[in-house]
Amino acid sequence: MKKQTRIIPSLLAATVLSVAAMPAHADTSTDEAIQAQLQDYKATMQAFGKTLKGELQAAMKQGGPMAAVEVCNQRAPEIAADMSEESGYTLRRTSLKPRATEPTDWERVVLEEFEARQAAGTPVGEIAWHEVKEVGGEKQLRFMKAIATEGVCLSCHGQDVDPKLKAEIDRLYPDDQATGFEEGDIRGAFSVTAALED
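Note on numbering: residues in each chain are counted from 1, in written sequence order. Owing to the predicted nature of the model, reporting of local features is limited to residues with pLDDT of at least 70; listing and counting of side-chain atom pairs is limited to 80 or more, with chain, interface and lining totals taken over all residues. Side-chain metrics in this entry use all non-hydrogen atoms of the structure; hydrogen atoms and water are not considered.

Help me get a handle on the sheet that holds strand β3 (residues 138-148), residues and values and all.
Here we have 4 strands laid out as an open sheet, ordered β1-β4-β3-β2, and antiparallel in their pairing. At either end of the open sheet lies a strand with only one pairing partner, and these are β1 (90-94) and β2 (128-135). Here the strands of the sheet are splayed against their neighbours by 20 degrees on average, with no regard to which way each runs. Strand pairing is assigned whenever DSSP detects at least two bridges linking the two strands. Labels follow the DSSP assignment, with helices taken as runs of H or I lasting at least four residues and strands as runs of E lasting at least two, numbered in each case from the N terminus. Of the strand pairs in this sheet, β2 and β3 are connected by 8 bridges, and their pairing is antiparallel. Directly across from K133, in β3, lies its bridge partner Q140. In this description, contact between two residues means that some pair of their heavy atoms is separated by no more than 4.5 Å. In this analysis, axes come from line fits to C-alpha atoms, helices being fitted only over the stretch in contact, and the angle between any two N-to-C directions falls in the range 0 to 180 degrees. Against the sheet, helix α3 (residues 105-119) makes contact with β1, β2, β3 and β4 (186-195), and its axis sits at roughly 135 degrees relative to β4, the strand it touches most.

Structure (structure tokens):
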């Protein structure tokens with residue numbers, strides 16, 4: 001039986017991320033199962049984005065970017081872990097210039113493809129990818145969706161980060177690479193993986 005995602009309906013209704021229709025990369029005999037599972041992936045991903053964005057906005061209002069970076073450090077991994085456990089999927093955020101989560105080898109290849117697609121003129125909101133891959137005798141459905149750098153991201157990820165804030169970021173993330181972005185850049189991507197359900 002497929003484990004159902006137990007997410008508050010208001011979160012499912014959120015459209016924090018515009019998720020484009022995915023191109024087919026799989027055997028047509030399994031296409032219906034793939035599309036159904038991708039829809040669940042998108043709902044989980046949207047709920048994650050809605051929850052984290054809400055907490056970051058509240059922190060920004062209360063304490064500015066210094067408070068927001070603390071929330072991101074503590075709550076982002078907690079939210080991802082909770083939603084991974086709840087859904088049965090592995091939910092990650094990663095980047096070619098990561099702050100906390102280094103990409104796996106296959107995620108890095110996809111992220112590099114995303115950069116090439118943007119350079120060729122594809123809008124970031126339309127950049128996504130999936131594949132079915134057999135791993136250890138199990139068919140897995142892998143999905144990635146590009147995350148655009150928005151103006152609000154630049155306080156912590158831009159080219160001119162306040163020195164006090166940068167010192168706090170360096171304290172929380174000693175190996176941080178996630179600065180120097182401009183609005184509209186690919187900040188990274190959501191990555192969702194699970195066994196392909198029949």
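Which residues make up the packing of aromatic side chains, and what values do they have?
Between rings of Phe, Tyr and Trp, where Trp is taken as its six-membered ring, a pair exists when centres lie within 6.5 Å; planes separated by under 30 degrees are stacked, by over 60 edge-to-face, and by other angles tilted. This model, assessed by the stated rule, comprises 4 aromatic pairs. Judged by centre distance (4.7 Å) and plane angle (75 degrees), the rings of Y41 and Y89 are edge-to-face. On the criterion of sequence distance, the pair formed by Y41 in helix α2 (residues 31-87) and Y89 in the loop between α2 and β1 is long-range, its members being 48 residues apart. Considering the side-chain rings of Y41 and F143, the 6.2 Å spacing of their centres and the 40 degrees angle between planes classify their relative orientation as tilted. Pair noted here: Y41 is in helix α2 and F143 is in strand β3, with a separation of 102 residues, a long-range link. The two residues Y41 and F143 agree in class, both being buried. One aromatic cluster in this structure is built from Y41, Y89 and F143. One cation-aromatic arrangement involves K97 over F181; the distance from NZ or CZ to the ring centre is 4.6 Å. Exposure classes here rest on a 1.4 Å probe applied to the protein chains alone. A residue is buried below 20% of its type maximum, exposed above 50%, and partly exposed in between. Should the NZ of a Lys or the CZ of an Arg lie within 6 Å of a ring centre and within 35 degrees of the ring normal, that charge is described as sitting over the ring.

Quick rundown of the side chain of R142? Include the residues and the values.
Relative to the elements of secondary structure, R142 occurs in strand β3. Classification of R142 as buried rests on a relative accessible area of 9%. For R142, the contacting residues outside a window of four places in its chain are W106, W129, H130, E131, K133, V135, V192 and T193.

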